[in-house]
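The chain contents come next:
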Amino acid sequence: MKTWLIRACDKFVVAPLALAAARRPKSPPGIAAPGPVVAIKLVGMGDAVLMLPSLAAIRDAGRRLTILTTRRAAGVFTAPGVADEVVILGRHPASWLAALRALRQAAAVLDFEQHVFWSAALAQATPRRALRFGFRVASRRRNALYDVLVRPEAADSSIRHMKDIFATLARTAGFSPAPELMPLPFSPQAAAAAARWQ
């Protein structure tokens, strides 16, 4: 699909629908309640790798983690031990039904996207008890779709690396990501193949 068409649909179709479906944010917002967590990252394989410490923190807290993504970033998320479930959104309606099922069971949604309404629209499918965490961006309309907003510039580092920005989102939700990047987990077969190259 053409990039300009995706952007036009995002701005003129998805945004109004998401805003129409939006519920009022909770006040005061808090940390994620116990229960399953859904992380959303639709594009950006490099960003997917930088999310690994944040995702590991969610799993280390004993939470069931479902990741909603597209085929582009799915290779990172489907590695062993990254998530309990990875829903790859595509043309088949079954993928969208699986995403809705995961969202309806979620206690919290962490939207790792910053500039598209698609992910914010997906987050609207959560039950009222669930908290939706997202980044504060220039679009007030998009900001209105979250219960808890995180400023990307509030990352702990003086150099705002995406890993630190993602870690700030996870910390705001009550998780404690490691400060360093994590190696991508390998399947036993892939690890054996990589060892042969050394």
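Our structure is the block above this text.
What this report covers is the structure whose coordinates are included nearby. Being a predicted model, the structure only gives us computed values, none of them experimental.

**Some words on the environment of A39**
Following the sequence through the fold, A39 ends up in strand β1 (residues 37-40). A39 gets classed as buried once you look at its relative accessible area, which sits at 0%. Measuring from C-alpha to C-alpha, the distance between A39 and V86 comes to 9.6 Å, with 47 residues separating the pair along the chain. Beyond its immediate sequence surroundings of up to four residues, A39 is in contact with L55, L65, T66, I67, L68, L110 and F112.

**A closer look at the side chain of S54**
Assignment of secondary structure puts S54 in helix α3 (residues 52-60). Among all residues touching S54, those that are not within four sequence positions of it are F112, F166, A167, A170 and P177.

**Thoughts on the pattern of salt bridges**
Where side chains of opposite charge bring their charged atoms close, a pairing between them can arise. Scanning the model with the defined rule gives 6 salt bridges in all. Across the salt bridge formed by K41 and D47, the nearest N and O atoms sit 3.3 Å from each other. The buried category is assigned to K41, whose relative accessible area is 4%. The salt bridge involving K41 is made with E113; its shortest N-O contact spans 3.6 Å. With K41 in the loop between β1 and α2 (45-50) and E113 in the loop between β4 (108-111) and α6 (117-123), the pair connects residues that are 72 residues apart, well separated along the chain.

Procedures and definitions
Residues numbered from 1 in each chain as written. Predicted model: local features only at pLDDT ≥ 70, side-chain atom pairs only at ≥ 80, totals over all residues. Heavy atoms only, no water. Helix = DSSP H or I, 4+ residues; strand = E, 2+ residues; numbered from the N terminus. Buried < 20%, exposed > 50% of the residue type's maximum accessible area, 1.4 Å probe, protein only. Contact = heavy atoms within 4.5 Å. Salt bridge = Lys/Arg side-chain N within 4 Å of Asp/Glu carboxyl O.

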